Amino acid sequence: MRDLKHLIFMEDLLQEANNDLVKQAKAEGRRALGYTCNFMPEVLLDLAGCFSVRLRAPRSGSPDMATYYMSARTCHFGRSLMERALEGGVNFLDAQMATETCTVTCRFQEHLMQKHLDSVKDMDIIQNPDFFCEFTDVPFKKTENSYLHYRRQLQAHVLDPLAQNCGIDTSDEALLKAIEQHNEVCRLITEIGSYRKLDVPTITGYEFHVIQLASLTCPKDLILPYLRETAEELKTRQPDAKPAYRCKLVLSGAENDDPNFTKLIESCGALVVADRYCYGSLPGREEIVVQPGQAPLDAIARHYLNFSMCPRFMGQDEMRGRKKYLADLAKEYKADGIIVASNKFCEYWSYERTIDTIVLNRDFGIPVGEEFALARLQVFTHLDQQRTDALQALHQLGIALHAALGRRLLLQGLLGALEGHAPLLDQVVDQFEVLHILRREETVAFLVALGADDAELRLPVADQRRIDVEHLGHLAHRIKKFLGHIYRLIIRNVLGYMLFTRLPIRFANPSARPRAHTRFTPSENAPAATSCLRR
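On a predicted model such as this, the values are computed, not experimentally measured, just so you know. Starting from 1, residues in each chain are numbered consecutively following that chain's sequence as written. The model is predicted, so local features are restricted to residues of pLDDT at least 70 and side-chain atom pairs to those at 80 or more, both for listing and for counting; the totals for chains, interfaces and linings are taken over all residues. Note: side-chain values were computed over all heavy atoms of the structure, leaving out hydrogens and water.

## Focus: unusual backbone geometry
Across the junction of Leu 282 and Pro 283, the peptide omega takes the value -10°, indicating a cis bond. Among the structural elements, Pro 283 can be located in the loop between β6 (270-277) and α12 (296-306). Residue Arg 59 is not a glycine yet carries a positive backbone phi of 55°. Comment: elements are numbered from the N terminus, with helices defined as DSSP H or I runs of at least four residues and strands as E runs of at least two. If you trace the backbone, Arg 59 turns up in the loop between β2 (50-54) and α4 (64-70). A relative accessible area of 54% means that Arg 59 is categorised as exposed. The residue Asp 124 is not glycine, and still its phi comes out positive at about 55°. Tracing the sequence through the fold places Asp 124 in the loop between α6 (103-112) and β4 (132-137). Each residue's exposure class comes from its accessible area (1.4 Å probe, protein chains only) as a fraction of the maximum for that residue type: buried when under 20%, exposed when over 50%, partly exposed otherwise.

Here you go:
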């Protein structure tokens, strides 16, 4: 398809939290207000004189400093935000409007907050003398008491501090004007996203992901002209004569703020047609309706509670409603399956992902991938007629994709060129490098590569060679046996396990000789303690 006119510009905006439009608004004297969760109504942060910025940490590396303050057993998303703050990447903020929802992002924002206590020394992370941080408590239910409590919290911890500290007009008239601008953004995003419902969509999941993120991270009045032009451009955009995708997917999950992950999925032959995750538009881009005689703040509080599909609402009716919502999305957007993603150590979405995997398949007959596994995605794209059986076969593989959302690469190997589709393990080269093996009962998850530049297990595409379910089952059995064999050898000696977490150790290909003759070859820099390893 013809490239969208403003796509490259929006991609550039997403490279930094303090992007060009944010700098422009700051130069105009407006206050930058950061937030991380949809329960902080962005419409309240877009009043005249200020603007909202939903925080991200693009191009993050290893969050070593943040891990020191937050522990390695916390979500990588929250640690990445903390790392970026420690690096000075969010010093442009005038305030952080926090919510007591997600535990890890709440912890991150607590580090930003100036406590002014004799017993606790403030970290002074944000280098802005006027910076302040406010926390809003969000109810776990949707009742009249919940609406009242939420409304009072928004008044006390959002509107009042903005008026007192920044001189922002928070009157009903100002709120109505902010709602009007917010609703225009919602209408445009919804219109742009509706082209994904077509039999042959005229916008890709990656393109929509970029546009949606730009609307969350830039001042609304400055991004609106680009959204209007994009919506107009899509009215006449024509799809490719031969679509590049073989199936359509709904992508659901936690804080997916990386459009390159959507691009990765689509590079495998799928098309993401619905974005049901925390940074997505479903839900999130519904217009706020103010009834006659209703206070604008009351309408805002009810809107954000009623439309939320967050897994922190744990009532049975809410949980069943979320499954039906996902199933309805798959039907409305003509999706062939659903991928449910969760960040490692994310408590809410770990439960939600597990339940979705069971309920959506059992009650609605929708194929569900419970993790980011490219091999399962290949089943969607190459085995349309045998999808269910193939998914069951590939489920045995336990292939885990290293995720931009925080999943660690456990085992990486190099495979030769894939000539056939039968005994694939015979093509494994002699040398592997063990990066990290977790000590646990079940077989380790792993990721293999076909070449030095690849980072995924790719099955042959349909026009090259057809893959049978029997071969997938055979492959799954061989790989499980292979990994179990490696795993038992590694953890048999505690000292050997400790060494493996620190040094890369090479070992000969176990498929080439009997188990009794398998030997480890320590690296040249290994300490003398390696003599305890089995030889």
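## Observations concerning the environment of Asp 240
As for its placement among the helices and strands, Asp 240 is situated in the loop between α10 (220-234) and β5 (247-253). Between the C-alpha atom of Asp 240 and that of Met 1, which follows or precedes it by 239 residues, the distance is 5.3 Å. Any pair of nitrogen or oxygen atoms within 3.5 Å is treated as a polar contact; in protein, a donor-acceptor pairing is required on top of that, and neighbouring residues in sequence qualify only through side-chain atoms on both sides. A distance of 2.4 Å separates a polar atom in the side chain of Asp 240 from the backbone nitrogen of Met 1.

## Considering the pairing of strand β7 (residues 337-341)
Each regular strand carries side chains that alternate between the two faces of the sheet. Within β7, five of the five residues are buried, which leaves it mostly tucked inside the rest of the structure. Paired strands, as defined in this entry, are two strands with at least two bridges between them according to DSSP. As paired strands, β5 and β7 are joined by five bridges and run parallel to one another. When the sheet's bridge partners are listed, Ser 252 is paired in β7 with Val 340.

## Notes on the side chain of His 182
Within the fold, His 182 resides in helix α8 (residues 172-194). Here, residues are in contact when the closest pair of their heavy atoms is within 4.5 Å. Apart from residues lying up to four places away in sequence, His 182 is in contact with Glu 42, Val 43, Arg 285, Glu 286, Ile 288 and Tyr 304.

## Notes on helix α9 (residues 205-217)
Expected helix span is given by 1.5 Å per residue-to-residue step, counting one fewer step than there are residues. Along its 13 residues, α9 runs 18 Å from first to last C-alpha, staying within 8% of the 18 Å computed at 1.5 Å per residue. With 13 of its 13 residues buried, α9 lies for the most part within the structure.

## Some points on the nonpolar core
Here, the term nonpolar core denotes a set of buried Ala, Val, Leu, Ile, Met, Phe, Trp, Tyr and Cys residues that are joined through side-chain atoms within 4.5 Å. Ranked by internal contacts, the top residues of the largest apolar core, which has 99 residues, are Leu 44 and Leu 227. Considering each element in turn, this core owes the most residues, eight residues, to α8.

## Looking at the environment of Ser 62
The residue Ser 62 is located in the loop between β2 and α4 in this model. The spacing of Ser 62 and Arg 79 is 17 residues in sequence and 9.3 Å in space, taken between C-alpha atoms.

## What about the packing of α8 against α9?
Only the stretch in contact is used when a helix axis is fitted, and all axes are lines through C-alpha atoms; the angle between N-to-C directions ranges over 0 to 180 degrees. One can describe the packing of α8 onto α9 by two numbers: an axis separation of 11 Å at closest approach and a directional angle of 175°. On the basis of their axis angle, the class for α8 and α9 is roughly antiparallel. Contacts from Val 185, Ile 189, Ile 192 and Gly 193 of α8 reach α9 at Phe 208, Ile 211, Gln 212 and Ser 215. Charged means Asp, Glu, Lys or Arg here, nonpolar means Ala, Val, Leu, Ile, Met, Phe, Trp, Tyr, Cys or Pro, and polar covers whatever is left, Gly included. When the residues that make up the contact of α8 with α9 are grouped by side-chain class, the tally is five nonpolar, three polar and no charged. An angle below 35 degrees is treated as roughly parallel, one above 145 as roughly antiparallel, one from 65 to 115 as roughly perpendicular, and anything else as oblique.

## Quick look at the side chain of Thr 262
Among the secondary structure elements, Thr 262 is positioned in helix α11 (residues 259-266). Leave out the neighbours within four places in its chain, and Thr 262 touches Gly 205, Tyr 206, His 209, Leu 251, Asn 256, Val 272 and Tyr 277.

## Considerations on the packing of aromatic side chains
When the centres of two rings from Phe, Tyr and Trp lie within 6.5 Å, Trp using its six-membered ring, the rings pair. Their planes under 30 degrees apart give stacked, over 60 give edge-to-face, and anything left gives tilted. Taken as a whole and judged by the stated rule, the model has four aromatic pairs. Arranged with centres 5.8 Å apart and planes meeting at 70°, the rings of Phe 39 and Phe 313 form a pair that is edge-to-face. One end of the pair, Phe 39, is in the loop between β1 (31-35) and α3 (42-45); the other, Phe 313, is in the loop between α12 and α13 (316-332), with 274 residues separating them in the sequence. Each member of the pair Phe 39 and Phe 313 is classed as buried. By definition here, charges over rings are those cases where NZ of Lys or CZ of Arg is within 6 Å of the ring centre and within 35 degrees of the ring normal. Taking NZ or CZ as reference, Lys 263 lies 4.4 Å from the ring centre of Tyr 206, over its face. The ring of Phe 140 is capped by Arg 312, whose NZ or CZ atom sits 3.9 Å from the centre of that ring.

## So, the sheet that holds β4
With parallel pairing, the four strands of this open sheet are ordered in space as β2-β1-β3-β4. Edge positions in the sheet fall to β2 and β4, since each has one partner strand and no second. Each strand of the sheet is rotated relative to its neighbour by a mean of 25°, with strand direction disregarded. Here five bridges tie β1 to β2, and the two strands are oriented parallel to one another.

## Quick look at the packing of α8 against α12
In a packed pair of helices, the relevant descriptors are the angle between the two axes and the axis-to-axis distance. Remark: α8 packs on α12, axes separated minimally by 9 Å, with the N-to-C direction vectors making an angle of 40°. With respect to α12, the element α8 is oriented oblique. Of α12, the residues touching α8 (which contributes Asp 172, Leu 175, Leu 176, Ile 179 and His 182) are Pro 296, Leu 297, Ile 300 and Tyr 304. For the contact of α8 with α12, the residue count by class is seven nonpolar, one polar and one charged.

## Quick word on helix α5 (residues 76-86)
Judged by how many residues are buried, α5 sits mostly within the fold: 10 of 11 residues are covered. Listing the buried residues of α5 in full gives His 76, Phe 77, Gly 78, Arg 79, Ser 80, Leu 81, Met 82, Glu 83, Arg 84 and Ala 85. Tucked inside the fold, the buried residues of α5 contact α4 and α6. At the exit of α5 stands Gly 88, carrying a positive phi of roughly 90°.

So, to be careful, I would describe these as geometric facts and stop short of saying anything about function.
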